[in-house]
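Architecture at a glance
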Amino acid sequence: MNADIQEYNNSQTPTDKEICDQLATIITQNLPNAENKIWHAHPVWFLDGNPIAGYSKLKNSVRLLFWSGQSFDEEKLVNEGSFKAAESRYTAADQINKDDLERWLKKAEKIQWDYKNLIKRKGILIRLK
């Protein structure tokens, strides 16, 4: 695991650390070609410079975010924001359904909106895949 991401995970409460460690492990295993780093203070995985998945500690949960998740057609993902992102929130590691997460990660590779060039395109998203 990326040392900065491990440091982020280690800074969480024991319950949240368990959630973060499990998410990081599953994401890394399923996106082996993705770059991962701390971006805007949170762990994020990128394909070709485009953010794909990441997580962050919120007040009462850990939020798993898929930048193109609204296009996945998945009932368990909740729309987030005004672009194409969708999320799932966890308060305990046993709430993470590995099968769901692995399916979402496969879709994250196949379905991508171009967030990398969002500013250059003045807020207009274009589908890459």
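Residues numbered from 1 in each chain as written. Predicted model: local features only at pLDDT ≥ 70, side-chain atom pairs only at ≥ 80, totals over all residues. Heavy atoms only, no water.

Remarks on the environment of L101
Heads up, the rule is: Secondary structure is summarised from DSSP: a helix means a run of H or I of at least four residues, a strand means a run of E of at least two, and numbering begins at the N terminus for each. By definition, residues are in contact when any of their heavy atoms lie within 4.5 Å.
By secondary structure assignment, the location of L101 is in helix 3 (residues 98–110). Distance in space between the C-alpha atoms of L101 and N30 is 9.3 Å, their sequence separation being 71 residues. Discounting chain neighbours no more than four positions away, the residues touching L101 are L23, I26, L64, F66 and I96.

Notes on the packing of helix 1 (residues 3–10) against helix 2 (residues 14–30)
Where we set the bar: Orientation is described by axes fitted as lines to C-alpha atoms, over the contacting stretch for helices, and by angles from 0 to 180 degrees between their N-to-C directions. An angle below 35 degrees is treated as roughly parallel, one above 145 as roughly antiparallel, one from 65 to 115 as roughly perpendicular, and anything else as oblique. Side-chain classes follow a simple rule in which Ala, Val, Leu, Ile, Met, Phe, Trp, Tyr, Cys and Pro form the nonpolar group, Asp, Glu, Lys and Arg form the charged group, and the remainder, Gly included, forms the polar group.
At a minimum axis distance of 8 Å, the contact between helix 1 and helix 2 shows a crossing angle of 155°. As far as their axial angle goes, helix 2 and helix 1 are roughly antiparallel. On helix 2, the residues that touch I5, Q6, Y8, N9 and N10 of helix 1 are K17, C20, D21 and A24. Looking at the contact of helix 1 with helix 2, its residues break down into four nonpolar, three polar and two charged.

Some details on the pattern of salt bridges
Pairing of side chains with opposite charge becomes possible as their charged atoms draw close. Operational definition: Counted as salt bridges are all cases of a side-chain nitrogen of Lys or Arg within 4 Å of a carboxyl oxygen of Asp or Glu. Note on exposure labels: buried denotes an accessible area under 20% of the residue type's maximum, exposed denotes more than 50%, and partly exposed covers the range between, all computed with a 1.4 Å probe on protein chains only.
Following the criterion strictly, the structure yields eleven salt bridges and no others. D21 is paired through a salt bridge with K17; the nearest N and O atoms lie 2.4 Å apart. Of this pair, D21 and K17 both sit in helix 2, four residues apart, which is roughly one turn of that helix. Residue E35 is joined to K37 by a salt bridge in which the shortest nitrogen-to-oxygen separation is 3.8 Å. Residue E35 is classed as partly exposed on the basis of its relative accessible area of 42%.

Remarks on helix 2
Spelled out, the test is: Here the expected span of a helix is defined as 1.5 Å times the quantity of residues minus one.
In this model helix 2 runs 24 Å from its N-terminal to its C-terminal C-alpha over 17 residues, within 8% of the 24 Å that 1.5 Å per residue would give. Buried within helix 2 we find D16, I19, C20, D21, L23, A24, I26, I27 and N30. Among the structural elements, helix 1, strand 2 (42–47), strand 3 (50–57), strand 4 (62–66), strand 6 (86–90) and helix 3 are those in contact with the buried residues of helix 2.

Focus: the side chain of N9
Tracing the sequence through the fold places N9 in helix 1. In this structure, N9 is in contact with M1, K17, C20, D21, A24 and Y55, ignoring residues within four places of it in sequence.

Section: the sheet that holds strand 2
We count it as follows: For two strands to count as paired, DSSP must find a minimum of two bridges between them.
Taken together, six strands build an open sheet; the order of strands is 1-2-3-4-6-5 and the sheet is antiparallel. Among the strands making up the open sheet, the edge pair consists of strand 1 (35–39) and strand 5 (78–79). By the bridge criterion, four bridges tie strand 2 to strand 3 in an arrangement that is antiparallel. Each bridged residue has a counterpart across the sheet, and for V44 the counterpart in strand 3 is G54. Here helix 2 sits on the sheet in contact with strand 1, strand 2, strand 3, strand 4 and strand 6, set at roughly 20° to strand 4.

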